[in-house]
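Spelled out, the chains give:
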Amino acid sequence: MWIQKLAEMVPNCKDEMGTKRGASQNPGMKSNCGVLMKTVNFIQELQIAHNQVVERLQEQNQVLVEMAKVREALKRSEQENIVMKNQLKNHGINPLDGM
């Protein structure tokens, strides 16, 4: 029963259940082993895919942190720019807005 449920859940595994009657000495043994083997392989593939997703999420979080730092640096630079423009104006120098 559990082997059959696994065969239904794991891709390309339903075929294994068809060989059950063809096994010579131990009926069902060949198909059970095939289902279990494919299930283990599928779980390993899922683990690899999961690890890759976790890595990508960590990278994305690092990028988001860096972007926040850059935004803060930009904000500080813009504020410093305003202060410097005001200082220039106070000394009679008209800064260009496009600079």
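Provided above is the structure to which this section pertains.
A brief report on the enclosed structure follows. These numbers come from a predicted model, not from an experiment.

Reading the values: rules and limits
Residues numbered from 1 in each chain as written. Predicted model: local features only at pLDDT ≥ 70, side-chain atom pairs only at ≥ 80, totals over all residues. Heavy atoms only, no water. Helix = DSSP H or I, 4+ residues; strand = E, 2+ residues; numbered from the N terminus. Buried < 20%, exposed > 50% of the residue type's maximum accessible area, 1.4 Å probe, protein only. Contact = heavy atoms within 4.5 Å. Areas by Shrake-Rupley, 256 points an atom, 1.4 Å probe, with all protein chains shown as cover. Salt bridge = Lys/Arg side-chain N within 4 Å of Asp/Glu carboxyl O. Core = buried A, V, L, I, M, F, W, Y, C linked by side-chain atoms within 4.5 Å.

**Section: the overall build of the chain**
Working step 1: Counting secondary structure elements, the chain contains 2 helices and 0 strands.
Working step 2: Burial status across the chain gives 13% buried among its 99 residues.
Working step 3: Sequence separation of at least 24 residues holds for 35% of the intrachain contacts in the chain that already meet a minimum separation of 6.
Working step 4: For the chain, the accessible area works out to roughly 8600 Å², and carbon and sulfur atoms hold 57% of it.

**Brief notes about the pattern of salt bridges**
Working step 1: Overall, the coordinates contain 3 salt bridges when judged by the stated rule.
Working step 2: A salt bridge links Glu-59 to Arg-56, with the shortest nitrogen-to-oxygen separation between them at 3.9 Å. Taken together, the residues Glu-59 and Arg-56, both in helix α2 (residues 29-90) and 3 residues apart, mark about one turn of the helix.
Working step 3: On the basis of relative accessibility, which here comes to 47%, the residue Arg-56 falls in the partly exposed class.
Working step 4: By sharing partners, the salt bridges in this structure join Glu-55, Arg-56 and Glu-59 into a single network.

**What about the nonpolar core?**
Working step 1: Grouped together as the largest cluster of nonpolar side chains are 5 residues: Ile-3, Ala-7, Val-10, Cys-13 and Val-35.
Working step 2: The residues contacting Val-10, other than those within four sequence positions of it, are Lys-38, Thr-39 and Phe-42.

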